[in-house]
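A look at the structure
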Amino acid sequence: MTKPAVASEVISYCTACKMDLNSVIVAMKGDRIAKVQCFTCKKEHTYKAPKGIDTPAAKPKRASKKKAEASADHSIEVEWEKLMSTHKDAPLKNYSAKGHFVLGDKISHPSFGDGIVGKLIYPNKLEVIFRTDLKVLIYAGVQQTMN
Ligand SMILES: [Zn+2]
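This report concerns the structure included in the present document. Position numbers for residues count from 1 along each chain, tracking the sequence in the order it is written. Residues qualify for local features only when their pLDDT is at least 70, as the model is predicted, and side-chain atom pairs are given and counted only at 80 or more; totals for whole chains, interfaces and linings, by contrast, use all residues. Heavy atoms from the whole structure form the basis of all side-chain values; hydrogens and water molecules are not counted.

1. Re the environment of V117
Tracing the backbone through its elements, the reader meets V117 in strand 7 (residues 113–121). The sequence separation of V117 and K135 amounts to 18 residues, and the corresponding C-alpha distance is 9.6 Å. In this analysis, two residues are considered to be in contact whenever any of their non-hydrogen atoms come within 4.5 Å of each other. If sequence neighbours within four positions are ignored, V117 has contacts with F101, V102, L103, G104, D105, I107, L126, E127 and V128. Starting at the N terminus, helices and strands are each numbered in turn, a helix being any DSSP run of H or I of at least four residues and a strand any DSSP run of E of at least two.

Right, dumping it as structure tokens:
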């Protein structure tokens, strides 16, 4: 196989004719064909590899954005699921700031959904584990066992 050289024939895509055509090399750049003259239109143009043998389908692989989405909230959901199954038989109480709750109570909150009382914070706060977040809610406080 002879190396391409000036004045030798080569098939090049002609931008004027818009097809692969026999051309003559008019300029080289190192081992690469720099310029050709189209036999058909006689125009000189930079050498372009014939479209016919172009490498097929340059993969339009769009790099999917790596979602660096932190799974920070994942652990609380796992915890929540565990608690919900542990306390699945506990009655679901509707949350109310005036309600009385104890540790392990299942609470239904209008905004946060169902949760479990994980901690009582003296004197009137509850730490409730909801599916997606931990919330501190107000409640009536430690139930009086008078009377
Ligand atoms: Zn041409």
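2. Here's the deal with helix 1 (residues 74–86)
By this rule, a helix spans an expected 1.5 Å times one less than how many residues it contains. When the terminal C-alpha atoms of helix 1 are compared, their 18 Å separation across 13 residues agrees well with the 18 Å that a helix rising 1.5 Å per residue should span. Inspection of helix 1 places I76, W80, L83 and M84 among the buried residues, and these make up the whole buried set. Projected down its long axis, helix 1 carries its buried residues within an arc of 100 degrees, all on one side. Pointing more than 90 degrees away from the buried face of helix 1 are the exposed residues S75, K82 and T86. Those residues of helix 1 that are buried are in contact with strand 6 (106–109), strand 7, strand 8 (125–130) and strand 9 (134–138). Using a 1.4 Å probe on the protein chains alone, a residue whose accessible area is under 20% of its type maximum counts as buried, one over 50% counts as exposed, and one in between counts as partly exposed. Arc definition: it is the arc formed by the directions from the helix axis to the C-beta atoms.

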